[in-house]
Amino acid sequence: MTREHYIPFNKEFLLEQQISVFAEDPQKSDAFKKLFDIVEHYYHYEAFNLNRNLKQNYALFDPDLSPKEREAFVGKSDFLIFKETLHKVLAHGNYTRIDQETLDRAFKESDLIGLNLSIDFNAFKDYELYVRGHHKATEKVSKFVFWKKEIEVEYYDRVMVYLNYNEADYLKEKKVKLGKMPVDPGSIGLKIFKRVPKNDLETIFPNAIPRMSTRDKLFFWVPGIGGGISLLSTTVIPALIGMYAAYQSGETIDLLNSKASLNQGLIALGILCAYLFRQYSNFINKKIKYGKMLSDSLYFKNLGNNSGAFYSLLNSSEEEVLKETILAYAFLYRSPTPLTEDELDAQIESWFLTELHTDLDFDVKDALEKLQNIGLGIETNGKWEVIGLDNALVKIDKLWDSVFEYNQETTSGLNCT
């Protein structure tokens, strides 16, 4: 898999790693902590505004709201603003969209359930999957009745699925059956899961239905039809024909041989039926296994649904933003000379590789843009530097003061009235 922008360490750990450099200077260590405590609160305020924006522009499409509640947001919820804001939050959280080729491959292959799932994509105007973080784990899967094999399975740490459902008229025209899903046509569903197998992404679609694979069908029908015809034509039918012919001609029926031949045929037919029943039971067992995986996903792996998913997304977005800012500021602060974007990128990625044994693609452009936006980073002729800790604290304090622009004239005017 390609390297990700996602930083798989929490902000507290990274902050302590950077503070450790100032171990011999308690004043700098304390100032560094204070600086990023204020920066964190500022980013939290930004996340709050993003959350309010998302909730208002999503309300008209939220399947968890009643039709009457949604009506109140007609003309207030804007789909384009919602989608743009959602993409912004996902980008800040270092989520990446899964391309169609990867999705198609996941739909064809299966690591754990070994079952074909049919998804009626006519249900959706649009659907998108976003992922963040990945790891590998060894799992045991059943190959035959008594044999289990260990395989290496790739997992996505986080997966968000975006489902924009079609309107009722379109669903009716295409004969789409939403089944027992409590989803209103024209709504938008959001779900976030953890630890989803890369090749079993289809399991998180709510309308995925188990189907027999071509292999399952061949194992079921070919032996059944071929064996059934063979048994009937070579044993059962000849025995019955012989008995009937003897009866018509008045000859003595050799009951012993006829019954023996007939019984052998029926026994063989019974064995064939038992084989077919076993093959069908294997398919049913796979469906049960899929049902368990689905219930586990919904109960243990689900991190948020619809508007509730915003909190998980914004929390991860806020963390990623802060981690990038901490690292960019710390490395520029310790550098004796200003650094170019590429030089800073190389230093941070090298530090992750040597100190934390993690190969990632640090999003240096985003980190420098954040530093510049909050007034801590300065770019001159393609080279970057940061202001000192004392000045940085003053700068961030002023930034906070400008968040709520309530001046004395406004407040005094209110008091007079």
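Residues numbered from 1 in each chain as written. Predicted model: local features only at pLDDT ≥ 70, side-chain atom pairs only at ≥ 80, totals over all residues. Heavy atoms only, no water.

A. Highlighting the overall build of the chain. Secondary structure assignment for the chain yields 13 helices and 10 strands. Buried positions account for 41% of the 417 residues belonging to the chain. Looking at the chain alone, contacts between residues at least 24 apart form 78% of all its contacts between residues at least 6 apart. Only carbon and sulfur atoms are counted for the fraction: they give 54% of the accessible area of the chain, which is about 24,100 Å². (Helix = DSSP H or I, 4+ residues; strand = E, 2+ residues; numbered from the N terminus. Buried < 20%, exposed > 50% of the residue type's maximum accessible area, 1.4 Å probe, protein only. Contact = heavy atoms within 4.5 Å. Areas by Shrake-Rupley, 256 points an atom, 1.4 Å probe, with all protein chains shown as cover.)

B. Structural context of the side chain of aspartate 62. On the secondary structure map, aspartate 62 appears in the loop between helix 2 (26-58) and helix 3 (67-71). Notably, aspartate 62 is buried but unbridged: the nearest opposite-charge side chain belongs to arginine 70, and the N-O separation is 6.6 Å. Residues within four places of aspartate 62 in sequence aside, it is in contact with Arg70, Asn306 and Ser307. (Lys, Arg positive; Asp, Glu negative; His and termini not counted. Salt bridge = Lys/Arg side-chain N within 4 Å of Asp/Glu carboxyl O.)

C. Just unusual backbone geometry, in detail. Phi is positive for asparagine 306, which is not a glycine, with a value near 55 degrees. If you trace the backbone, asparagine 306 turns up in the loop between strand 7 (302-305) and helix 9 (309-334). Classification of asparagine 306 as buried rests on a relative accessible area of 8%. In this structure, histidine 357 takes a positive phi of about 50 degrees despite not being glycine.

D. Region of the structure containing the packing of helix 2 against helix 4 (residues 79-92). Across the interface, helix 2 lies against helix 4 with an axial gap of 9 Å and an inter-helix angle of 145 degrees. The handedness of the crossing between helix 2 and helix 4 comes out as left-handed. Listed contacts from helix 4 to Leu50, Asn53, Leu54, Asn57 and Tyr58 of helix 2 are Ile81, Phe82, Thr85, Leu86, Lys88 and Val89. (Axes fitted to C-alpha atoms, helices over the stretch in contact; angles between N-to-C directions. Left-handed = near helix turned anticlockwise from the far one by under 90°.)

E. Local environment of the pairing of strand 5 (residues 188-197). For strand 5, a buried count of 7 out of 10 residues is recorded, marking the element as mostly surrounded by other parts of the structure. Pairing geometry for strand 4 (residues 148-165) and strand 5, over 9 bridges, is antiparallel. Looking at strand 5, one finds that tyrosine 155 is bridged to proline 197. Bridge count for strand 5 against strand 7 is 3 bridges, and the pairing is antiparallel. Each bridged residue has a counterpart across the sheet, and for isoleucine 192 the counterpart in strand 7 is glycine 304. (Pairing = 2+ DSSP bridges.)

F. Region of interest: helix 10 (residues 341-355). When the terminal C-alpha atoms of helix 10 are compared, their 21 Å separation across 15 residues agrees well with the 21 Å that a helix rising 1.5 Å per residue should span. All of the buried residues along helix 10 are Leu344, Asp345, Ile348, Glu349, Trp351 and Phe352. Burial along helix 10 is one-sided: seen end-on, the buried residues are contained in an arc of 150 degrees. Buried residues belonging to helix 10 abut helix 1 (11-19), helix 9, strand 8 (339-340) and helix 11 (364-373). Backbone geometry just downstream of helix 10 places histidine 357 in the positive-phi region, at approximately 50 degrees. (Expected span 1.5 Å × (residues − 1). Arc of directions from axis to C-beta.)

G. Broad picture of the packing of aromatic side chains. Applying the stated criterion across every chain yields a total of 21 aromatic pairs. On the numbers, 6.2 Å between centres and 25 degrees between planes, the contact of phenylalanine 9 with phenylalanine 352 is stacked. Residue phenylalanine 9 is located in the segment before helix 1, and its partner phenylalanine 352 is located in helix 10; the two are separated by 343 residues in the primary sequence. Between phenylalanine 82 and phenylalanine 310, the ring centres sit 6.4 Å apart and the planes meet at 55 degrees, which makes this aromatic pair tilted. Here phenylalanine 82 is found in helix 4, whereas its partner phenylalanine 310 is found in helix 9, with 228 residues between them in sequence. Assessed through its relative accessible area of 0%, phenylalanine 82 is described here as buried. Taking the relative accessible area as the measure of exposure, phenylalanine 310 reaches 0% and is therefore buried. (Phe/Tyr/Trp six-rings, centres within 6.5 Å; stacked < 30°, edge-to-face > 60°.)

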